[in-house]
Amino acid sequence: MSEAIAEIPARVPPSGIAAASPAPGTERKGLTKKEIAADHPTWCPGCGDFSVLALYFKLIEKRKLWHENITTIAGIGCSSRFPYFVQAHGVHYIHGRALPFATGISLSRPDLHVFVFGGDGDAFSIGGNHFNHTARKNIKMTYVVMDNWVYGLTKKQTSPTSPLGFKSKTDQWGAVDYPINPMKQAIAAGATFVARTTSTNPNHVLVMMEAAMDHDGFSFIECLSECVEFYEGAFDAANPRKGGVFNEVPKDHDVTDELAAYKLAGADFPGYFGIFYKNNKPTKNAKEAEIQRGMMEKVKGLKDWQILQKNFDRMK
Ligand SMILES: Cc1ncc(C[n+]2csc(CCOP(=O)(O)OP(=O)(O)O)c2C)c(N)n1
Ligand code: SF4
Ligand SMILES: [Mg+2]
C-alpha cells in the first residue's frame, strides 16, 4: 500500500460519541462551563435561546465531551449566532446552508459529533430543500431548530412556522399562508429521529438532546424558543408557569410507528413533547464508509501513481 493511502484513517461508521472515551491511563477531566462558554451571548434579555445554549453546555459537561469531539454549526439568524457563544470548533455559516456544511464534516470526520442549531426561517424557508435532503440521506448529526415562529434577527417578518393571522412587517394585515408543521415535515422527509421540546422545560430539553446525540442518524429536534422581542407569549399555552400545559408523548406511543408519529404531530397547539419517531436504518456515513473500504481493498498494494494510472486507463 502506498504511504499516502496508509495515512488515510479508516472511516468507520460513527457509533454515538464513543470516541470521547479516553484510553485507560489517559483520563482527562470533562470541560467545565467556564471552559465551554465563549463570548457573552448578544441575545435580548429573556430570549428563549439562552436556555438552549445553557443546556448545550450542560450536555457537553455531562457527557464529558472535549473540544475536539464536538463541532457546532449554524446558518444565519438570532438562533444561528449559537456557535459564537460556544468555545469549541464551530461555524456561523451562510443563511440556510448549515446542513450541507455540517454534512461535509459529518461524512469526513466520524470521530466527532456534529451539532447544528438554527431558526425556523433558516431551516424551513431558505434552507428548506437542504432540510429535506439531509433528512432523507440520514446523515449522522443532531439538528436543533429553535422555533420562535418569526424572523427575529431581521426584526419581525412572517416565517414558515408563523400561524395564520400573525401580524408582521411582511403581513401587516395578518399572515395568510398556511404554516408548515416541522414535525410532519421531518417525518415525511425521512428523518430517523424526530423530537419536540420547549426551552421553558430545561430538563426535557437536555433529555431530548442526549437522546438525539445517541441516535446513529439524522436527529431532529424542534425546540420552541420564544422571541420576547417580536413574538412575546407565543408559547404560553405550552408553559404551565403561564397557565399552559406541557403534554408529554403518551407512554404507549410506539416511536417506530411512522403514522402514529404523524398523528401526534397533527395535534392542535400546544401539542405533545418528547420523541415522536425513531427508526434505526443505515446512515449515509456507514454506506460511504463501506464503499470506501471496498475501494481501498481494491487498490491495496498499489502506489499512488498506479492508482491514478488505473483511473486514467478506465477513462480512455
Ligand atoms: C441569503 C440571505 N437572505 C436573507 C438574509 C436575511 N436574513 C438573515 S436572518 C433571516 C431570518 C432569520 O430567521 P430565523 O431563521 O427564524 O432565525 P431567528 O432570527 O428567528 O432566530 C433573514 C431573512 C440573509 N442573511 N441571507
Ligand atoms: S430578536 Fe427575538 S430571537 Fe432575536 S435575540 Fe431578541 S428575543 Fe431572541
Ligand atoms: Mg425564527
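About the thresholds
Residues numbered from 1 in each chain as written. Chains lettered and ligands numbered in written order. Predicted model: local features only at pLDDT ≥ 70, side-chain atom pairs only at ≥ 80, totals over all residues. Heavy atoms only, no water. Helix = DSSP H or I, 4+ residues; strand = E, 2+ residues; numbered from the N terminus. Buried < 20%, exposed > 50% of the residue type's maximum accessible area, 1.4 Å probe, protein only. Contact = heavy atoms within 4.5 Å. pLDDT = per-residue confidence, 0-100. Donors = N, O, S within 2.8 Å, 3.2 Å for Na, K, Ca; no water. Near = heavy atom within 4 Å. Nonpolar A, V, L, I, M, F, W, Y, C, P; charged D, E, K, R; others polar. Polar contact = N/O pair within 3.5 Å; in protein donor to acceptor, adjacent residues only side chain to side chain. Areas by Shrake-Rupley, 256 points an atom, 1.4 Å probe, with all protein chains shown as cover.

Caption draft 1: Molecular detail of the environment of G119. Residue placement: G119 occurs in strand β3 (residues 113–119). Among the residues examined, G119 registers a relative accessible area of 8% and is labelled buried. Considering only alpha carbons, one finds G119 and N148, 29 residues apart in sequence, at a separation of 7.4 Å. Sequence-distant contacts of G119, that is, excluding residues within four places in its chain, are made with S79, S80, V145 and M146.

Caption draft 2: View of the confidence of the model for the chain. Averaged over every residue, the pLDDT of the chain is 92; the share at 70 or more is 92%. Scored below 50 in pLDDT, residues 1–19 shows 38 contacts in the model against residues more than four places distant or in partner chains.

Caption draft 3: Local environment of the coordination of the magnesium ion (ligand 3). Here the magnesium ion (ligand 3) is held by the protein donor atoms D120 (OD), N148 (OD1) and V150 (O), which lie 2.1 to 2.2 Å from it. All donors of the magnesium ion (ligand 3) belong to a single chain; written as a sequence motif, their spacing is D-x27-N-x1-V. With a relative accessible area of 2%, V150 lands in the buried category.

Caption draft 4: Geometry of the site of ligand 2. Neighbouring residues of ligand 2: W43, C44, C47, C78, N148, G152, C227, V228, E229 and F230. Split by residue class, the shell around ligand 2 holds seven nonpolar, two polar and one charged.

Caption draft 5: Spotlight on the site of ligand 1. If you check the shell around ligand 1, you find 16 residues, and the closest are C78, S79, G121, D122 and G152. Between ligand 1 and the protein, one listed contact pairs an oxygen atom with a side-chain N or O atom of S79 at 2.7 Å. Taking N148, its side chain carries an N or O atom lying 3.0 Å from an oxygen atom of ligand 1. When isolated, ligand 1 has an accessible area of 590 Å², and the protein chains bury 73% of it.

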